[in-house]
Amino acid sequence: MKYNPDIHNRQSIRLREYDYSQPGAYFVTICIYHKQCLLGEIKDQTVILNCYGEVVKFNWFNLTRVYPSIELDSFVIMPNHIHGIIILTDHSHTLSKVVQGFKTFSSRRINQLRSLSKVPVWQRGYYEHIIRDEKTLQKIREYIVNNPYNWKTDEMHPSQKFPISKNITSP
């Protein structure tokens, strides 16, 4: 379907006037296209990655080589989305540039493995949250670590019918 501004009106949850190249910690959630469980599965509350999940893992941790001015904190790969904390240490890159790079690098390799080209792997956009203090950072770390334990009730679980589009921000 072609873009029609009358029916395709995305509401950005980004803070107006906020500089997303500003040093600080950011919590991101990036979802697989159409919520497909493409990256693996959860068994006994443990994430079991398949080859596509391993590609995502490699590309996540490779971000610090591509963007040396970032640091990575807590991270989890779920069957159809990822959660992670990206720390920008200076103004070298914007958060959206780092996320765009991650999505591009991982999509390219996953599609090579699937013998496909130009097929979406990730949903357009992503969810982000600016982490403003240590208490919030600790709560988000805990959420990330516990995500596999809560998979059955997660809004991203295939059995759930929750709309998620309100949480997605365009890069």
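The rules behind these values
- Residues numbered from 1 in each chain as written.
- Predicted model: local features only at pLDDT ≥ 70, side-chain atom pairs only at ≥ 80, totals over all residues.
- Heavy atoms only, no water.
- Helix = DSSP H or I, 4+ residues; strand = E, 2+ residues; numbered from the N terminus.
- Buried < 20%, exposed > 50% of the residue type's maximum accessible area, 1.4 Å probe, protein only.
- Salt bridge = Lys/Arg side-chain N within 4 Å of Asp/Glu carboxyl O.
- Phe/Tyr/Trp six-rings, centres within 6.5 Å; stacked < 30°, edge-to-face > 60°.
- pLDDT = per-residue confidence, 0-100.
- Contact = heavy atoms within 4.5 Å.
- Axes fitted to C-alpha atoms, helices over the stretch in contact; angles between N-to-C directions.
- Left-handed = near helix turned anticlockwise from the far one by under 90°.
- Nonpolar A, V, L, I, M, F, W, Y, C, P; charged D, E, K, R; others polar.

Enquirer: Is there a simple way to explain the environment of Ile-85 in this structure?
Expert: Relative to the elements of secondary structure, Ile-85 occurs in strand S5 (residues 81-88). On the basis of relative accessible area, Ile-85 is assigned to the buried category, the value being 0%. Taking the C-alpha atoms as reference, Ile-85 lies 9.4 Å from Glu-128; in sequence the two are 43 residues apart.

Enquirer: How should I be thinking about the pattern of salt bridges in this particular structure?
Expert: When charged atoms on two side chains of opposite charge get close, those side chains can pair. In this structure the tally under the stated criterion is 3 salt bridges. Salt-bridge contacts for Lys-43 lead to Glu-41; the nearest nitrogen and oxygen are separated by 3.7 Å. Relative accessible area serves as the criterion here: at 48%, Lys-43 is assigned to the partly exposed category. Here Arg-141 makes a salt bridge to Asp-73, at a shortest N to O gap of 2.7 Å. Within this pair, whereas Arg-141 is found in helix H3 (residues 134-146), its partner Asp-73 is found in strand S4 (residues 70-77), the two being separated by 68 residues in sequence. A residue is classified by how much of its surface remains accessible, and Arg-141, at 23% relative accessible area, is partly exposed. Salt bridges sharing partners connect three or more residues here, namely Asp-73, Glu-134 and Arg-141.

Enquirer: What should I look at first to understand the packing of aromatic side chains in this one?
Expert: Geometry of an aromatic ring pair is reported as the spacing of the ring centres plus the angle between the planes. Counted according to the given criterion, the structure contains 6 aromatic pairs. Aromatic pair Phe-27 and Tyr-143: ring centres 6.2 Å apart, planes at 85°, arrangement edge-to-face. Of the two residues, Phe-27 sits in strand S1 (residues 24-31) while Tyr-143 sits in helix H3, which places them 116 residues apart along the sequence. Ring plane angle 45° and centroid distance 5.5 Å describe the contact between Phe-102 and Trp-122, whose orientation is recorded as tilted. Pair noted here: Phe-102 is in helix H2 (residues 95-113) and Trp-122 is in the loop between H2 and strand S6 (127-131), with a separation of 20 residues, a long-range link. The residues Phe-102 and Trp-122 share a single accessibility class, namely buried. One aromatic cluster in this structure is built from Trp-60, Phe-61, Phe-75, Phe-102 and Trp-122.

Enquirer: Quick question: what am I supposed to make of the confidence of the model for the chain here?
Expert: The predicted coordinates should not be examined in detail at positions where pLDDT is low. Overall, the prediction assigns the chain a mean pLDDT of 88, with 84% of residues at 70 or greater. A low-confidence stretch, residues 164-171 stays under pLDDT 50, and its non-local contacts, those more than four residues away or across chains, total 32 contacts.

Enquirer: So what exactly am I meant to see when it comes to the packing of helix H1 (residues 51-66) against H2 here?
Expert: The description of two helices packed together rests on the angle between their axes and the distance between the axes. Two elements in contact, H1 and H2, have axes separated by 9 Å at closest approach and are oriented at 145°. Taken as a pair, H1 and H2 cross one another with a handedness that is right-handed. The residues of H2 that touch H1, namely those facing Cys-51, Tyr-52, Val-55, Val-56, Asn-59, Trp-60, Leu-63 and Val-66, are Val-98, Phe-102, Phe-105, Ser-106, Arg-109, Ile-110 and Leu-113. Split into classes, the residues belonging to the contact of H1 with H2 amount to 12 nonpolar, 2 polar and 1 charged.

Enquirer: Explain the environment of Tyr-149 to me, please; I cannot follow it from the model alone.
Expert: Inspection of the secondary structure puts Tyr-149 in the segment after H3. When its relative accessible area of 46% is taken as the criterion, Tyr-149 is described as partly exposed.

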